[in-house]
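Coordinate inspection notes
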Amino acid sequence: MNIVSYNVRGLGRGVKWAAIRRLIKKEGVNMICLQETKKEVIDKAMCQALWEDVEVCWEMQPATAGDILCLWSEKTFRLQRKVISNGFILLTGEWIKEAQQINIVTIYSPCDIHNKRILWDKVKQLKDSLSGGLWCILGDFNNISDTAERFGTCQRLSGESSIEEFNDWIDDLEVIEVPWLGRKFTWYRSNGASRSRLDRFLVYPMSGLADGLAVFKLLLQGTFQITVQSCFSPRS
C-alpha cells in the first residue's frame, strides 16, 4: 500500500494543488495524509479536485482541531472505523490487496508538552484497545527523538525533557521507526538558522505479512521526497 505523508504548510490552491495531483498520479498513491492544511472548511469538490477522481474517500479535521486531511481510494482501502480527535485521525480498515486489517494514524502534534502528552495517551489507549492488524503511525510529531535531530534553537520543541518522554511513548507502543533516506532534517526555519527532524513513520510488524512489502513515501516541506521500505515479518 502506497501511503504518502505530506506537511503542506498550508493547502492553498493553484500550484500546490497541481503538485499534489502530479504526486498522486506519478507515484500511484493509494492514500495521502496531509498535515497543516490551514483550512477550516474542506468539501467534497475540493477533495475530488485534489485526487482527480469523483470516487475519492476523505476524512478531515479543521485547522482549529488538528489540521489534517486524509484522501484515499476505496479500491485499495475499505474504511471500517474512524476516530478523530485533537491532533490525529485514526482510520481502521481493510488493505484489500492483502486482505489485511490496517490501522493508519495521521498525526499533526501540538507543540506544547501538555497537549502532546494528551495526544500520546489517546493514541496509546486506542492501540491497546484494538486487537489485530498492522499499525502505521505517521505525520508531523513536532518532537525529536535525539539531540542529533536538531540544529540551532527551535521554538517548536519543548526542551530536552520531551525527548525522553517521546521515546518512552514509542517504546510503549511497541512500534519501530521505518529507516529512511535523504536529507537529515524535515523542518527548516526560513533563514536556515534552525532545523529539526519532526516527521516520521512508526509501524507495528504483525504476523501474516511475512512476505508483504509495504512502501511508504514521506514528502517533506513540499520540495523533497523520501522513499522508505520495511518488510513486516512475524514477531518472534
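Now for a quick tour of the structure. (Residues numbered from 1 in each chain as written. Predicted model: local features only at pLDDT ≥ 70, side-chain atom pairs only at ≥ 80, totals over all residues. Heavy atoms only, no water.)

1. Examining the packing of helix 3 (residues 113-129) against helix 4 (residues 161-173)
Relative orientation of the contacting elements helix 3 and helix 4 amounts to 5°, with a least axis distance of 10 Å. As far as their axial angle goes, helix 4 and helix 3 are roughly parallel. Between helix 3 and helix 4, the contacting residues are Ile 113, Arg 117, Trp 120, Val 123, Lys 124 and Lys 127 on the first element and Ser 162, Glu 165, Phe 166, Trp 169, Asp 172 and Leu 173 on the second. Residues of the contact of helix 3 with helix 4, tallied by class, amount to 6 nonpolar, 1 polar and 5 charged. (Axes fitted to C-alpha atoms, helices over the stretch in contact; angles between N-to-C directions. Helix = DSSP H or I, 4+ residues; strand = E, 2+ residues; numbered from the N terminus. Parallel < 35°, antiparallel > 145°, perpendicular 65-115°, else oblique. Contact = heavy atoms within 4.5 Å. Nonpolar A, V, L, I, M, F, W, Y, C, P; charged D, E, K, R; others polar.)

2. Remarks on the side chain of Ser 162
Mapped onto the secondary structure, Ser 162 falls in helix 4. If we ignore the near neighbours within four places in the chain, the residues touching Ser 162 are Ile 113, Trp 120 and Asn 143.

3. Thoughts on helix 1 (residues 15-27)
For the α-helix, the turn length of 3.6 residues means that residues three or four positions removed from each other point alike. Taking 1.5 Å of rise per residue, 13 residues should cover 18 Å, and helix 1 covers 18 Å from first to last C-alpha, within 8% of that figure. Looking at helix 1, one finds that the buried residues are Trp 17, Ile 20, Leu 23 and Ile 24. Seen end-on, helix 1 carries its buried residues on one side only, within an arc spanning 120°. Within helix 1, the exposed residues directed more than 90 degrees away from the buried face are Val 15, Arg 22, Lys 25 and Lys 26. Gly 28, located one to two residues past helix 1, shows a positive phi value of around 60°. (Expected span 1.5 Å × (residues − 1). Buried < 20%, exposed > 50% of the residue type's maximum accessible area, 1.4 Å probe, protein only. Arc of directions from axis to C-beta.)

4. Here we look at the state of the cysteines
Enumeration over the complete set of coordinates arrives at 0 disulfides. Here Cys 136 is not cross-linked by a disulfide; its sulfur's nearest cysteine counterpart is in Cys 33, at 7.6 Å. (Disulfide = S-S within 2.5 Å.)

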